[in-house]
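Close look at the chain arrangement
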Amino acid sequence: MDNTYNSQFPILNTEVYNKRLVYLDNAATTQKPRQVIDALINYYLTLNSNIHRGTHHLATLATERYEGVRRQVQQFINAHSHREVVFTRGTTESINLVASSFGSRLHQYDEVILSGMEHHSNIVPWQLACQRVGARIKVIPFSDEGVLDVRAYESLFTKRTRIVACNHVSNTLGTINPVKDIVDIAHRHGVPVLIDGAQAVAHMAVDVQQIGCDFYCFSGHKMYAPMGVGVLYGREELLSEMPPYQGGGEMIQDVTFERTTYNELPFKFEAGTPSVGDVLGLGAAIDFIASQGIDNIARHEDKLLTYCTQRLQEIPRLRIYGTAPRKAGVVSFLVGNSHSYDVGTLLDKVGIAVRTGHHCTQPIMDRYGIAGTVRASFACYTTTEDIDALVAGLKRILPLLDSGI
Ligand code: C6P
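Remember, it's a predicted structure, so these values are computed and weren't measured experimentally.

Focus on the site of the ligand
Thr92, Asp196, Gln199, Ser219 and Arg355 are the nearest of the 16 residues found near the ligand. In this structure, His119 approaches the ligand through a side-chain N or O atom, which is 3.4 Å from a nitrogen atom. The side chain of Ser219 places a nitrogen or oxygen atom 2.7 Å from an oxygen atom of the ligand. Here the ligand has 520 Å² of accessible area as a free molecule, and 87% of this is covered by the chains. Structurally, the ligand is housed in the second largest pocket. Looking at side-chain class alone, the shell around the ligand contains four nonpolar, eight polar and four charged residues. Composition of the shell around the ligand by domain shows at least three residues from each of domain 1 (5-31 + 294-403) and domain 2 (36-290).

Comments concerning the layout of surface pockets
Its boundaries defined by the atoms lining it, the largest pocket holds a volume of some 290 Å³. Taken together, 19 residues form the lining of the largest pocket, with Phe87, Thr88, Glu93, Ala271 and Pro274 sitting closest to its centre. When contributions to the lining of the largest pocket are tallied by element, the ones reaching two or more residues are β4 (85-88) and α4 (91-101). Among the residues forming the lining of the largest pocket, the class breakdown is nine nonpolar, six polar and four charged. Taken as a whole, the second largest pocket holds about 240 Å³ of empty space. Of the residues assigned to the lining of the second largest pocket, the class counts are five nonpolar, 11 polar and four charged.

Quick look at the sheet that holds strand β8 (residues 193-196)
Pairing is mixed across the open sheet formed by seven strands, whose spatial order is β4-β10-β9-β8-β7-β5-β6. With one partner strand each, in any of the chains shown, β4 and β6 (136-140) form the two edges of the open sheet. When the angles between neighbouring strand axes are averaged without regard to direction, this sheet yields 20°. Relative to the sheet, helix α7 (residues 179-188) contacts β7 (161-167) and β8, its axis offset from that of β8 by approximately 165°.

Quick notes on empty space enclosed by the protein
Scanning the model with the defined rule gives two cavities of 30 Å³ or more in all. Reported here for the largest cavity is a volume of approximately 50 Å³. Lining the largest cavity, in full, are Asn26, Ala27, Gln199, His203, Ala328, Gly329, Val330, Ser377 and Phe378. Class assignment of the residues belonging to the lining of the largest cavity gives a composition of four nonpolar, five polar and no charged. Of the voids in this model, the second largest cavity is the one considered here, and its volume is about 40 Å³. In terms of residue class, the lining of the second largest cavity is built from three nonpolar, two polar and two charged.

Considerations on the nonpolar core
Of all hydrophobic cores here, the largest spans 78 residues; its most connected members are Val73, Tyr216 and Tyr224. The element contributing the most residues to this core is helix α10 (residues 276-292), with nine residues. Residues lining this core come from more than one domain, with at least three contributed by each of domain 1 (5-31 + 294-403) and domain 2 (36-290). In this structure, Val335, Ile352, Ile397 and Leu401 belong to the second largest nonpolar core, which totals 28 residues.

Thoughts on the pattern of salt bridges
Considering all chains together, one arrives at 20 salt bridges under this definition. The partner of Arg367 in a salt bridge is Asp144, with the nearest N and O atoms 2.8 Å apart. Taken together, the positions of Arg367 in helix α13 (residues 362-368) and Asp144 in the loop between β6 and α6 (150-155) put the pair 223 residues apart, joining distant regions of the chain. On the basis of relative accessible area, Arg367 is assigned to the partly exposed category, the value being 33%. The structure contains a network of salt bridges with shared partners spanning Arg311, Glu314, Asp388 and Lys395.

Concerning the environment of Thr361
Secondary-structure assignment places Thr361 in the loop between β16 (355-357) and α13. Separated by 191 residues in the primary sequence, Thr361 and Ser170 have C-alpha atoms spaced 9.3 Å apart. Look past the residues within four positions of Thr361 in its chain and what remains in contact with it is Glu118, His119, His120, Asn171 and Thr172. Engagement of the side chain of Thr361 in a polar contact is seen with the side chain of Thr172, the distance being 2.8 Å.

How each quantity is defined
- Residues numbered from 1 in each chain as written.
- Predicted model: local features only at pLDDT ≥ 70, side-chain atom pairs only at ≥ 80, totals over all residues.
- Heavy atoms only, no water.
- Near = heavy atom within 4 Å.
- Polar contact = N/O pair within 3.5 Å; in protein donor to acceptor, adjacent residues only side chain to side chain.
- Areas by Shrake-Rupley, 256 points an atom, 1.4 Å probe, with all protein chains shown as cover.
- 1 Å grid on protein atoms, 1.4 Å probe; cavity = no way out; pocket = protein on both sides within 12 Å on 5 of 7 lines; lining within 4 Å.
- Sits in = over half its atoms within 2 Å of the grid points.
- Nonpolar A, V, L, I, M, F, W, Y, C, P; charged D, E, K, R; others polar.
- Domains from an automatic or database assignment.
- Points joined across faces, edges and corners; volume = space filled by probe spheres on them.
- Helix = DSSP H or I, 4+ residues; strand = E, 2+ residues; numbered from the N terminus.
- Pairing = 2+ DSSP bridges.
- Axes fitted to C-alpha atoms, helices over the stretch in contact; angles between N-to-C directions.
- Contact = heavy atoms within 4.5 Å.
- Core = buried A, V, L, I, M, F, W, Y, C linked by side-chain atoms within 4.5 Å.
- Buried < 20%, exposed > 50% of the residue type's maximum accessible area, 1.4 Å probe, protein only.
- Salt bridge = Lys/Arg side-chain N within 4 Å of Asp/Glu carboxyl O.

By themselves, these figures tell us nothing about what the structure is for.
Right under this line is the structure:
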């Protein structure tokens, strides 16, 4: 991996406050390569039309391309069928779809198991579903290092457990969770599992059949694609049984004022005009990842993680949150008693973009008794120079932090 990326990712040449931008906020969103931006522009320049509806040339072409990306996604995550790939607006919508549709089966006293390190997107939709019927949420605890307690997890199952939802990679701690084990244990109890893969798909090979999960959710914008598109993978058998999430155009077969029958999968879950251009951008992003090789990206980011973790030891009173043995390229930390926001604001002044705060994971913050962390997160174009810049930046701002500014 080298800085030829600067020509592929035009935004990486940006200067902030007359300094080279060091972009270390990739868990929030990755930057977009030129081929993704081109796919989006070309769609609006040459293809723009509504899909599945028209018989005209443009509509037919756009439909073919859109459905082509569905098959690309199918291959990308090794789904059994393209009918198992539903386009959504992002991870949040994918999880809400399942919590609302599959969640309509929940009854009073039923139980949903969530890990203690979930993003709010994988907590609140389940709370809403549980609150509607008087079901309840049980939480898998995790250690100080940020490792899920699998034994405690096993002990949470009862006859009333209806679903397990857990992330593949924690956006705050970086932990790579043992998703296959989580699924195997749940399946032994006859319980389906949703995996939130928002922080995984751009960083490691994902094979939904190998994991064995029932649902897998991710966002395009965290994998070099445009914002506004995401994916819900669902096992065909489950998706077939589930009621629609939203009603509207294209999700129907026949409509009268008395009753409606629904379209086949996956269209039953894609009501209304989709973000066609963004979906084509997602296809270009999958091509981009394939051109780099997902295993090369994973190796590169793993080296960066080791390097970053080592170099951060040079900063006095710096504590890393999340030290699991299996981690992705996410490093959360605090320096002394400084507020994460102060560190992030000062780093910004030297050109370094990190995220600060609770990262939409307040229960993790409560677990450690802190308000937030500073988070550096990597992508394929991140370099050791970027990490050197982070360390140099931290050294530079330390006196300001010490003086309480
Ligand atoms: N995490 C972060 O800075 P959406 O917003 O729908 O694309 O993704 C939601 C989401 C769900 N699960 C996980 C594990 C996530 O990390 C995110 C998004 C961003 O960490 C923005 S809060």
